[in-house]
Structures are given as structure tokens and as C-alpha cells.
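Chain by chain, the residues:
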Amino acid sequence: MTEGHFSSRLSASAPLDHLDEAPEDGARRAVKRQQRTALSFELIPPRHDADEAKLKDLITGLIAYKPDYFAVTSSRRSGWLQGTADFIARLSECTNLPTIAHLACTAGPVDELADWIRTLIDSGVRGFLALRGDLPEGETSLPEGYLQYATELLTLIREIEDENAFRLAAGKLALSVACYPSGHAESPTPDLDLDVLLSKQRLGADFAITQLFFEAEDYLRFAEQSRMAGVRIPLIPGIMPMTSLKRAQRMGVLSGIEVPQRVADKLSAASDPDEEYEVGMQLTAELAGKLLDAGVGGLHIYTHNNLAVTQDLLSRLGIEPK
Ligand code: FAD
């Protein structure tokens, strides 16, 4: 889950004779030998009236893949951090796989956020995704008393980590942040996005998860530019299954990115919803497949709590339950 976690897996597969080689050769060879695709599943806290049997199937079905971790979102619709904490508690009744909690500055004033971070650490959470959250419609900043940027939240979490140093003696918190292969909607230039990502790295982010994107090239270009700018943390691609054009467009609007014409044309040429689903899933599998072929070590799946779609996508990628 952290940089250390990823690299320890790599070094575990490297033979001792690599010690004779130039460091880059040994590292490159270890990367080539990496067999297993790291997997994480993003889940949304379910509504109170969610179908209990379906929820159980979802959790059991996803655990079967033995993901590296689950990530639980946080939003007004799901009761902010109460919803996140409740769902994490529910998950930990079923599995001891790690879970990271999404925390957004929009969830409340800084004191409330600090209390939530402590509460989540108390309940066993050892990883966070530090986010600003989306600004309310028409606003350009958050109210007084709120943290304004994800970087400030990172600093707050690291401060609370220091407070808890004795309790966390067996390991640090895993801290992740968001990044944007197609640019963040509010950023005037891609350079600002890169500067922000570098600040997040400097402030102790262990890894970043990308916003959804529609073309593999967008991620690969972004990853290359980030490396050239000095980003060294893993940039884990967030993959959204494209089950229909309407859904892709809606998720695009929520994320501030447009569905490219190529993708829209393919989806809209389908003659019925079944064909549209098939085309969309082929496009998603093609996108994820290109990333894996390019040597990307892991995928973060935006499951939207849909087990069947997640299973279908993974199966198209040749990833089966363990
Ligand atoms: P920031 O990194 O703070 O950036 C926000 C904007 O401010 C950017 O345009 C950035 O360039 C700019 N900026 C940052 N720092 C500075 C600075 N110091 N000076 C000037 N400009 C600056 N939202 C939720 O509400 N709940 C979730 O659970 C959730 N999960 C997500 C999961 C993933 C994997 C991703 C990628 C996004 C998720 N989001 C979630 C959405 C996210 O909150 C939004 O994309 C939000 O608009 C930006 O969050 P951020 O953490 O990237 O913000």
C-alpha cells in the first residue's frame, strides 16, 4: 500500500546475483519480473436501506480477489465520515485486509476533521486518502475554519500521526493523495497540477491514486511527465468501468473531464444497452490492459459497489479470484 510495501514486493522477487549489476539494471529486471497486479477496490458507504444480502455478496465477492486494500469514500450523501467509519467497521467484521479512509477537507472544520482522524486511528484504520473534496457550486473556497487544500490535510494527518507515534510504533500511516492525468478542472495549467503533486510528495504522501481517465495514453503521458518533474511515489491508475455512454458522461461531468469523441462515437454506435455495455467494457479492458502491458504495477477499481461489473472487468484482464 505504501511505497515500501510496493518495493518490498519487488525486492522479494529479485535474485541475489543482481547485486553485481548496476543498480538500474537490477531494478529494471525486478520490475520486469513482477507477476502480480496490485489491486485496490474503491467502495461507497451504502445507504441505510441497502439490501443486506447484496452487500454481503459484494464484500465477499471482492475479498475473494485478496486485494491489497479497500478504499472507502466519504461524501455528504453518505453522511461524511460517520458513513465512512461505519462502513469500514462493517468491512473489518468480514476481513482483516487493510482499508483506507477517504478524508475530504469539505467534510467539516479542522477540529472536527482532527477528531475523526483520531477516531479512525483508534478503530484500527492505518491509511488515508487526503483530499480537498469538491467545492460547493459557485464557491471558490471553503468556509473559514476549514482546511483549504489537500496539502493542509496531509500535514494535519502527519501531525496526528506524530501524536500517536507510540501506538503506531509497528508502522506509519499509509497516506495517499489524488492526482489528475487529464488535469484538475480548476487548474489553469498542467504545470500547477504537477507542482501540487510534488508538494504532496514532499509533505509525505506515500502514493497517489488517479482520477478517472478515458485513454491509456493520458495516464502514460502524465506518469512520464510526473517522473520527469521529480515525482517518485507510485501513481496508481483509477479505472472506471464504462458501462454506458450516459454513465461515462455523468462520471466525466462529476470529475470535470469530457468523454473523448473516439469513446463517445464507439458507445453511441451500439444498437441496444447490452451492446453498449459490451463495447464499454471492451474499451475499459483495453485501457487497463494497455497500462498493464506498459508495466504499470497495479489498478485501483472504482467499483461503484457493483460486484458483477467489477468481476467482469477483472475477468477480461485475466485476473481471477484467488
Ligand atoms: P487539491 O490537491 O487541494 O487541489 C484542488 C485544486 O486546488 C486543484 O486545482 C489544485 O491544482 C489547486 N491547489 C492545490 N493546492 C494549491 C495551492 N497551495 N495553491 C493554489 N492552488 C492549489 N471527493 C470527495 O468528496 N470524497 C471522496 O471520497 C473522493 N474520493 C476521490 C478519490 C480519488 C481517487 C480521486 C482522484 C478524487 C476523489 N474525490 C473525492 C474528488 C476530489 O475531492 C476532487 O477531485 C477535488 O476537486 C480535488 O481534491 P484534491 O484532493 O485533488 O484537491
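Anything mentioned here points back to the structure above.
Residues numbered from 1 in each chain as written. Predicted model: local features only at pLDDT ≥ 70, side-chain atom pairs only at ≥ 80, totals over all residues. Heavy atoms only, no water.

Draft legend 1. Main features of the nonpolar core. In this structure, Phe128, Leu153 and Leu235 are the most contacted members of the largest nonpolar core, which totals 85 residues. With seven residues, the single largest contributor to this core is helix 11 (residues 273–293). If we skip the residues at most four places from it in the chain, leucine 153 touches Leu103, Ala104, Cys105, Leu113, Ile117, Ala130, Leu131 and Leu147. (Core = buried A, V, L, I, M, F, W, Y, C linked by side-chain atoms within 4.5 Å. Buried < 20%, exposed > 50% of the residue type's maximum accessible area, 1.4 Å probe, protein only. Helix = DSSP H or I, 4+ residues; strand = E, 2+ residues; numbered from the N terminus. Contact = heavy atoms within 4.5 Å.)

Draft legend 2. Region of interest: the site of the ligand. Neighbouring the ligand are 24 residues; Ser74, Asp134, Tyr180, His184 and Lys200 lie closest to it. For the ligand, whose accessible area on its own is 970 Å², the fraction buried by protein is 84%. Mapped onto the shell around the ligand, the elements with two or more residues apiece are strand 4 (127–131), helix 7 (190–202) and strand 6 (207–210). Taken together, the residues of the shell around the ligand sort by class into ten nonpolar, eight polar and six charged. (Near = heavy atom within 4 Å. Areas by Shrake-Rupley, 256 points an atom, 1.4 Å probe, with all protein chains shown as cover. Nonpolar A, V, L, I, M, F, W, Y, C, P; charged D, E, K, R; others polar.)

Draft legend 3. Just the side chain of threonine 303, in detail. Mapped onto the elements, threonine 303 comes out in the loop between strand 9 (298–302) and helix 12 (307–316). The class of threonine 303 is buried, set by a relative accessible area of 3%. Apart from the residues within four sequence positions on either side, threonine 303 is in contact with Phe41, Glu42, Leu43, Leu62 and Thr310.

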